[in-house]
Amino acid sequence: MKIVIIGASAAGISAAKTIKASEPDTEVVIIAKEDRVHSRCMLHKFLGHQRDAQGISFIADDFFESSGISWLNNTTVIGLDAQNKTVKTHDNQDISYDKLLIASGASYFIPPIPGLRESKNVYGFRDLKDAQLLDRECNTAKDAVVIGAGLVGMDAAVALLERGLKVTVIEMTAAVMSLQLDQKSADAYQQLFEEHGAAFILADKVVSVDVDAVGRGRTIHLASGKAVAADLIVIAAGVRPAFNFTEGSGIATNHAILVGDDLKTNIDDIYAAGDVTGMAGIWPNAMKQGRIAAINMLGEKLLYQDRYALKNTINFFGLTTLSLGNINPQPEEKCQILIREDRNNYQKLVIKNGVVEGVIFQGNIGGSGFWQYLIKNKIDLSAKNKDLFSLSYADFYDQDPATGEYRYAV
Amino acid sequence: MKRIIIDREKCDGCLNCNIACISAHQEGSNFYTVDLQDPDAQARNFIKYDPQKGYLPLFCRHCDQAECVLSCISGALEKDPLTGHVQYDENKCAACYMCVMNCPYGVLKPDNKSRTKLIKCDFCDDKPDDPSCVKACPKKAIAVKEVSL
Ligand code: SF4
Ligand code: SF4
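Residues numbered from 1 in each chain as written. Chains lettered and ligands numbered in written order. Predicted model: local features only at pLDDT ≥ 70, side-chain atom pairs only at ≥ 80, totals over all residues. Heavy atoms only, no water.

With respect to the packing of helix H1 (residues 10–22) of chain A against helix H7 (residues 283–297) of chain A
Residue and element names in this part refer to chain A. With their axes 7 Å apart at the nearest point, H1 and H7 run at an angle of 40 degrees to one another. Accordingly, the angle class assigned to the pair H1 and H7 is oblique. Classified by chirality, the crossing of H7 by H1 is right-handed. Facing H1, whose interface residues are Ala 10, Ala 11, Ser 14, Ala 15, Thr 18 and Ile 19, H7 presents Trp 283, Ala 286, Met 287, Gly 290, Arg 291, Ala 294, Ile 295 and Met 297. Of the residues that constitute the contact of H1 with H7, the class distribution is 10 nonpolar, 3 polar and 1 charged. (Axes fitted to C-alpha atoms, helices over the stretch in contact; angles between N-to-C directions. Helix = DSSP H or I, 4+ residues; strand = E, 2+ residues; numbered from the N terminus. Parallel < 35°, antiparallel > 145°, perpendicular 65-115°, else oblique. Left-handed = near helix turned anticlockwise from the far one by under 90°. Contact = heavy atoms within 4.5 Å. Nonpolar A, V, L, I, M, F, W, Y, C, P; charged D, E, K, R; others polar.)

Written out as structure tokens, the structure is:
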């Protein structure tokens, strides 16, 4: 059997690994538009010059050779013929498959703001190519503007600060990383970034960009009337699943490739995993989807049930935060909020009817992994009769006597 | 593969396993010279006490389908194909702590001092015979067993 995988990020690589681990004789071909495999979550380390391109790889150096996987890099898929079971590449190869995994990810999105799309010095911060282009700009640029203070924008900002640029971050909402943090935990990061030289303009919007004679965006105008000078602009205003090449193939889409719980599309033998499905959320979920899609492609049956994606960890300047679930409940949700803090820690639990719905731990996050289980499985803690902050996995411990694997006693 | 099997009834909460773990990861120290005030003195195991059920020592399970490995963004966490143990490569780690969030048993933690590394059980695979915690337990509340998955 021959399995073709489009995309070499978390989902694609984890699928390839899974296939080769259980059926080494299956032929696996990975097609990727990138030059080399790299972890998107480490791009800031590349741009900040803490690591080179090799240093942000998440696979072993000899991964493709040792696992016998064919690797077509710098190759863009431009078409898919589901009838004849082939994909077409930009250089006119028709590559046949028995089973296909689409793990082509997502691409960044430039909002239709006058002057912004036209500017030649606007970059996303999505893959190594973006980081390489930014790297070049950093050699001469002085003023950097980052649009969007989500995790990607903050990653870019931290790297640009590292390179000695003057960084201004512009954000529509009133706080940084507002999907992951509440006001208090966001303020802590904002302050740290400011101490390292960044400036923030929050609750404001870009309305236009002045483009100079050579096509570079120079002045960014905001709804408030403020204007910010820019030598380079990073756009971090969200991503869109990338699946242009499926047009006309009959694959069902709705702003993303639609898949069932088995990660199969509406067409037999074609599966999708990762950001292209619009449900990955974060790296670990994409890895898991890749693995599950692979197992299903090999003819076994495994369902993707761990869809819980409202989760993240943050580590900037050594300040670590765990964020899970519903962390900013609306008053009408009538949640109970417990706060515990000292000079190094801020901890918040959001509880409704005995079930924890959200957690923010800022500072010490050691040993906090079990909270995800409690939240996603909606475990009722009212009977525990315990200070909830003191909970640990020990309160739910059970051991399989035969294998010693842990289980949850709930 | 080899696993540390826990018999909580036998545990007295003496913390010998804890100190043995710290010492095993503090170059050149032994049970008597180990510097517990060093900010790097973090154990990879922990003991919890419950008024009803008593003490419970907990260790990384080196899970069959390890969530930490599956969540690692850098390839720093990998399952060793020979031992089955989940090993950590500090040089690859990006200190994102996705793994801390995804270990369902809450055994992973960032290092206290720099928040640039992970504190993770290595089963003392670089040392001869059993893990240091198991050797240090006076009650035999923890024992290494060969398990098949
Ligand atoms: S760190 Fe957690 S998830 Fe990883 S092997 Fe150990 S117990 Fe399992
Ligand atoms: S903190 Fe290190 S080991 Fe843990 S997931 Fe991130 S890169 Fe992997």
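Comments concerning the nonpolar core
Residues Leu 160 and Trp 371 of chain A are the most contacted members of the largest nonpolar core, which totals 140 residues. Those residues within four positions of Trp 371 of chain A in sequence are excluded, and the remaining contacts are Leu 324, Leu 349, Val 356, Val 359, Phe 361, Leu 388 and Leu 391 of chain A. (Core = buried A, V, L, I, M, F, W, Y, C linked by side-chain atoms within 4.5 Å. Buried < 20%, exposed > 50% of the residue type's maximum accessible area, 1.4 Å probe, protein only.)

Observations regarding the sheet that holds strand E3 (residues 70–72) of chain A
All names here are of chain A. Ordered by their spatial adjacency, 5 strands build an open sheet running E3-E2-E1-E7-E18, and the pairing between neighbours is parallel. For this open sheet the edge positions go to E3 and strand E18 (270–272), each flanked by a neighbour on one side alone. On average, each strand axis in the sheet is inclined to that of its neighbour by 20 degrees, with strand direction left out of account. Here strand E1 (residues 2–6) runs beside strand E7 (residues 99–102); their pairing, made up of 4 bridges, is parallel. Residue pairing for E7: Val 4 is matched across the bridge by Leu 100. Each of E1, E7 and E18 is contacted by H7, which is oriented at about 170 degrees to E7, the strand it contacts most. (Pairing = 2+ DSSP bridges.)

Let's talk about the sheet that holds strand E12 (residues 199–201) of chain A
Residue and element names in this part refer to chain A. With parallel pairing, 5 strands are arranged side by side in an open sheet as E9-E16-E10-E11-E12. At either end of the open sheet lies a strand with only one pairing partner, and these are strand E9 (122–123) and E12. One ladder, built from 5 bridges, connects strand E10 (residues 143–147) with strand E11 (residues 166–170); its direction is parallel. Residue Asp 143 lies in a different strand from E11, and its bridge partner there is Lys 166. Its contacts with the sheet place helix H4 (residues 128–138) against E9 and strand E16 (232–235), and it is angled at close to 155 degrees to E16.

Focus: the site of ligand 2
Neighbouring residues of ligand 2: Cys 72, Ile 73, Ser 74, Ala 76, Leu 77, Tyr 88, Cys 93, Ala 94, Ala 95, Cys 96, Tyr 97 and Cys 99 of chain B. Each residue belonging to the shell around ligand 2 can be placed in one class, and the counts come to 11 nonpolar, 1 polar and no charged. (Near = heavy atom within 4 Å.)

Let's talk about the environment of Pro 131 of chain B
Residue and element names in this part refer to chain B. If you trace the backbone, Pro 131 turns up in the loop between strand E7 (118–119) and helix H4 (132–136). Separated by 128 residues in the primary sequence, Pro 131 and Arg 3 have C-alpha atoms spaced 9.9 Å apart. Discounting chain neighbours no more than four positions away, the residues touching Pro 131 are Ile 4, Phe 123, Cys 124 and Val 144.

Overview of the confidence of the model for chain B
Across chain B, the average pLDDT comes to 96, with 100% of residues at 70 or higher. The complex prediction reports pTM at 0.94, with the ipTM value standing at 0.95. (pLDDT = per-residue confidence, 0-100.)

Some thoughts on the packing of aromatic side chains
Any aromatic ring pair is given by two values, namely how distant the centres are and how the planes are angled relative to each other. In total, this model carries 20 aromatic pairs over all chains according to the counting rule given. Ring geometry for Phe 58 of chain A versus Trp 283 of chain A: centroids 4.9 Å apart, planes at 80 degrees, classification edge-to-face. Placement of Phe 58 of chain A in the loop between helix H2 (43–47) and helix H3 (63–67) and of Trp 283 of chain A in helix H7 is noted, with a sequence separation of 225 residues between them. On the numbers, 3.5 Å between centres and 15 degrees between planes, the contact of Tyr 373 of chain A with Tyr 408 of chain A is stacked. Separated by 35 residues along the polypeptide, Tyr 373 of chain A in helix H8 (residues 370–376) and Tyr 408 of chain A in strand E25 (residues 406–408) bring together distant segments of the chain. Among the aromatic residues, those joined into a cluster by ring pairs are Tyr 373, Tyr 393, Phe 396, Tyr 397, Tyr 406 and Tyr 408 of chain A together with Tyr 105 of chain B. Directly above the aromatic system of Phe 396 of chain A lies the positively charged group of Lys 384 of chain A, at a separation of 4.8 Å from the ring centroid. (Phe/Tyr/Trp six-rings, centres within 6.5 Å; stacked < 30°, edge-to-face > 60°. Lys NZ or Arg CZ within 6 Å of the ring centre and 35° of its normal.)

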